[in-house]
Amino acid sequence: MPLMGSLYVGSSGLQTSQNALNTTAHNLSNVDTPGYTRQQVQLSGKSYLKLSTNPKAVNNRQTGLGVTYSRVKYVRDYFLDQTYRKESGRSMFYEVSTGVLEQIESQLGEMNGEAFQTTIEDFWTSIEELAKDPASSVTQGLLVQRASEFIERAGAVYDGLASYQDNLNAQIKQQVDKINKYGKQLIALNESIRAIEAGGIEHANDLQDARNKILDELSQLANVSYDYDMYGSVWVKVEGVDFVRGDMCYEIGLDVDETTGFYTPFWPTNAKYYTKADGTKAYNIDGAEVFDLTRPISTDLNTDIGGLKAMLHARGDHRADYTDLDVNSCSQRKLDALGITKDQYNKNPEYYGKKYYDTFISDSVLMNIQGEFDQMIHNVVTKINGILAKAAGVQTGDLTIVNEDGTTETLTGVSYCTADPDGYMRDGQGIPLQLFTKGTTAGYTKVTGTDGKEYFVYNEEEPLQTEYLYTVKNLEVNPLLMQEPAKLGFRLPDGSEDQDTVNAMKAAFEEKAYTLNPNVKKATTFIDYYTDMVHQVGNTGFAFRGIYENQESALESIESSRQQVVGVSSDEELSNMIKFQNAYNASSRYINVISEMLEHIISTLGV
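Residues numbered from 1 in each chain as written. Predicted model: local features only at pLDDT ≥ 70, side-chain atom pairs only at ≥ 80, totals over all residues. Heavy atoms only, no water.

S.K.: Even after reading the chapter, I still don't get the overall build of the chain, so can you show me in this structure?
M.R.: Of the regular secondary structure elements, the chain holds 14 helices and 18 strands. A compact globule built from 607 residues would reach a C-alpha radius of gyration of about 25 Å, whereas the chain, at 39 Å, exceeds it by more than 25%. Here the chain holds 607 residues, and the buried ones make up 43% of them. Intrachain contacts of the chain at a sequence separation of at least 6 include 65% that bridge at least 24 residues. A total of about 30,300 Å² of accessible surface is found on the chain, and carbon and sulfur atoms cover 49% of it. Here the chain carries 53 positive and 84 negative side-chain charges, and the mean point of each set is 10 Å from the other. (Helix = DSSP H or I, 4+ residues; strand = E, 2+ residues; numbered from the N terminus. Rg over C-alpha atoms; globule rule 2.2 N^0.38 Å. Buried < 20%, exposed > 50% of the residue type's maximum accessible area, 1.4 Å probe, protein only. Contact = heavy atoms within 4.5 Å. Areas by Shrake-Rupley, 256 points an atom, 1.4 Å probe, with all protein chains shown as cover. Lys, Arg positive; Asp, Glu negative; His and termini not counted. Charge placed at Lys NZ, Arg CZ, Asp CG, Glu CD.)

S.K.: Teacher, can you tell me more about the pattern of salt bridges here?
M.R.: When their charged atoms lie close together, side chains carrying opposite charge are able to pair. Throughout the structure, instances matching the rule amount to 23 salt bridges. The partner of Glu129 in a salt bridge is Lys132, and the shortest N-O contact between them spans 3.1 Å. Of the two residues, Glu129 and Lys132 are both situated in helix H3 (residues 116–132); the distance of three residues between them amounts to about one turn of the helix. Classification of Lys132 as exposed rests on a relative accessible area of 62%. Asp324 is the salt-bridge partner of Arg333, the closest N and O atoms lying 3.2 Å from each other. (Salt bridge = Lys/Arg side-chain N within 4 Å of Asp/Glu carboxyl O.)

S.K.: Quick question: what am I supposed to make of the environment of Ser362 here?
M.R.: Summarising the element assignment, Ser362 is placed in the loop between helix H9 (349–361) and helix H10 (365–391). Separated by 102 residues in sequence, Ser362 and Thr260 place their C-alpha atoms 19 Å apart. In terms of polar contacts, Ser362 uses its side chain to reach the backbone carbonyl oxygen of Asp358, at 3.0 Å. (Polar contact = N/O pair within 3.5 Å; in protein donor to acceptor, adjacent residues only side chain to side chain.)

S.K.: Explain the sheet that holds strand E7 (residues 241–245) to me, please; I cannot follow it from the model alone.
M.R.: Picture the strands of a sheet paired through backbone hydrogen bonds; they go either parallel or antiparallel. With antiparallel pairing, the four strands of this open sheet are ordered in space as E5-E6-E7-E8. The open sheet has two edge strands, strand E5 (224–228) and strand E8 (248–249), and neither has a second partner. Here E5 pairs with strand E6 (residues 234–238) via five bridges, running antiparallel. For Tyr226, the partnering residue across the bridge sits in E6 and is Val236. Across the sheet, helix H4 (residues 137–197) touches E6, E7 and E8, and the angle it forms with E7 is around 45°. Of the strands in this sheet, E5, E6 and E7 are in contact with helix H5 (residues 205–221), which crosses E5 at around 155°. (Pairing = 2+ DSSP bridges. Axes fitted to C-alpha atoms, helices over the stretch in contact; angles between N-to-C directions.)

S.K.: Any chance you could explain the packing of H4 against H10 here in plain terms?
M.R.: For any two helices packed against each other, the geometry is given by the interaxial angle and the distance between the axes. For the pair H4 and H10, the least separation of the axes is 11 Å and the interaxial angle reads 165°. Here H4 lies roughly antiparallel to H10, going by the angle between them. For the element pair H4 and H10, the recorded crossing hand is left-handed. Judged by residue contacts, Phe150, Ile151, Ala154, Val157, Tyr158, Leu161, Ala162, Tyr164, Gln165 and Leu168 of H4 engage Leu366, Met367, Ile369, Gln370, Phe373, Ile377, Val380 and Val381 from H10. (Parallel < 35°, antiparallel > 145°, perpendicular 65-115°, else oblique. Left-handed = near helix turned anticlockwise from the far one by under 90°.)

S.K.: For this particular structure, what's the right way to read the packing of aromatic side chains?
M.R.: Describing an aromatic ring pair means giving the distance of the ring centres and the angle of the ring planes. By the definition in use, this model includes 20 aromatic pairs. Here Phe116 and Tyr530 contribute two aromatic rings whose centre-to-centre distance is 5.2 Å and whose plane-to-plane angle is 55°, an arrangement assigned as tilted. Of this pair, Phe116 sits in helix H3 while Tyr530 is found in helix H13 (residues 526–566), placing the two residues 414 residues apart along the sequence. Of the residues examined, Tyr530 reaches a relative accessible area of 2% and is grouped as buried. Aromatic side chains Tyr345 and Tyr352 sit 6.2 Å apart centroid to centroid with 25° between the ring planes, which places their arrangement in the stacked category. Comparing Tyr345 with Tyr352, the two get one shared label, buried. Among the aromatic side chains, those forming a connected cluster through ring pairs are Phe116, Phe123, Trp124, Phe150, Phe373, Phe436, Phe509, Tyr514, Phe526 and Tyr530. A cation sits over an aromatic face here: Arg562 above Tyr84, 4.0 Å from the ring centre. (Phe/Tyr/Trp six-rings, centres within 6.5 Å; stacked < 30°, edge-to-face > 60°. Lys NZ or Arg CZ within 6 Å of the ring centre and 35° of its normal.)

S.K.: Honestly, unusual backbone geometry in this entry has me stumped. Any pointers?
M.R.: The phi angle of most residues is negative, glycine excepted, and most peptide bonds adopt the trans form. You will see that Glu239, though not glycine, has its phi angle at about 55°, which is positive. Tracing the sequence through the fold places Glu239 in the loop between E6 and E7. Although it is not a glycine, Asn302 sits at a positive phi angle of roughly 55°. On the secondary structure map, Asn302 appears in the loop between strand E12 (281–284) and helix H6 (307–315).

S.K.: Please explain the packing of H3 against H10 as it appears in this structure.
M.R.: The contact between H3 and H10 brings their axes to 14 Å, and the two run at 10°. Judged by the angle between their axes, H3 and H10 are roughly parallel. Contact with H3, carried on its side by Phe116, Ile120, Phe123 and Ile127, involves Phe373, Met376, Ile377, Val380 and Ile384 of H10 and no other residues of that element.

S.K.: I keep staring at the sheet that holds strand E16 (residues 444–448) and nothing clicks. Help me out?
M.R.: Strand order in the open sheet formed by four strands is E13-E14-E17-E16, with antiparallel pairing between adjacent strands. The open sheet is flanked by strand E13 (395–402) and E16, the only strands paired with a single partner. Within this sheet the neighbouring strands show an average axis-to-axis angle of 55°, counted without direction. Sheet analysis places strand E14 (residues 408–418) next to strand E17 (residues 454–458), joined by three bridges and oriented antiparallel. Looking at the pairing, Tyr416 lines up with Val457 of E17.

What follows is the structure, encoded as structure tokens:
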């Protein structure tokens, strides 16, 4: 090769080594950068010049033009990426679920430094003290005071659960906004990567790192699948529905429940518009929801992936009460959810009640606890009120009454009593005394019988109308008894103490007749009910914590394997730096030798 041509060979060595050193330095400077993929230098020889052809020789006479820096290799393992992202989403699901249970356990365990269990025990103690001296105004006053504390603190616990439910609701909106933001960023990155790599010379490795980091984070929020088109753009599906495709990002919408304010993520492209009564347009999201929360949580079904889904499961879709757990309560919410009529439900309440609970309540940690807690309060309240009603002479049967329009009507199987202002356990109007009353509706309604007498009929709870329910949010201690606890009296018309009624109240706390939910068969007392509920939360949290820790271990193993492919090894890069530095020095010395030879020839020829 001519000496002048040899300079080009040396120059290519210098340039290639310098570029390789720059790539190595880039790797070292990003050794701790999250999501960075190490870049590998790939060198190749330039084309050869053919000097002559000799058919008898093994090879033609040719000379090389040096080395070229062909590309920076971007190494990732598609399988490991897919596995990591899927397991990352599953790990986040159980991390969120564990955190929710810990918050609920905190709500149930302490209330302003005092466990709610203490409040129940204090109420129980006041009944025990009342049993010792029923006619004492002191024990009666203690009973009313403890009942008031019981209702007040029950309301505080329920409010705490509801507040955390609202907190999760706000987080759901934030996570949906984050997903939509990621979608827009992926569209922008796709466009930038296509623009850079269109010529086939440059590679947008750093932009691809940014895109892969977004995919990692997106996979923690929902069940994500993705693929690449022929131009290198990534297409993403969320829960099996197109989210990023081509140059379009199909953003997730949020439907707001007018009653609860709860957000439901849905696909606007799959929803239908309808016109409301006020003329405004709204979405009908039936069938367009992003997440199908009716499917059971299962690893086999891949329904336990994504932190956002875990939040939606935990929050539920409404504030639960005891009717959600009571199979005999046929609420409109149950009928709508199950898509059946009231008659159908009443024909097999146990089947439909359990089906509703298993499908719509059991997987929601907050709704489950709200329902169980409200059921406990409801059982205590209605049991105590029922005992007092029996003492006041309330009986169950048929009663024929005269309506305001003069027509008669027979009330079947109602609880009623005569209006006797001077009767035992009555207030000044003759209404049976209730220790606990509803805040929105009266406990009894005054009617006139066909015999001309006035009666008070008990207003039965109506699941279709929440204002008729004895729930935590609709309870208070009888204002009359708050002012005058001695109204209870517990002294019969003959002057003797009503020990039977007090003993019945005491026995109510010792009776094992209550279960946590339709799936629990163990019967328990009022005192043990709350303890079992707290233990249930703790056991569920322990189970979720175990799954989460196992998932984290598996995820760390997958990430370790992935880092062996994409991670930067400082030792390896320093070794490469020495190698490329030596190559640079060798090219430099090679050029110096050629330069000296040229100088010698020129100087000699010039003499």
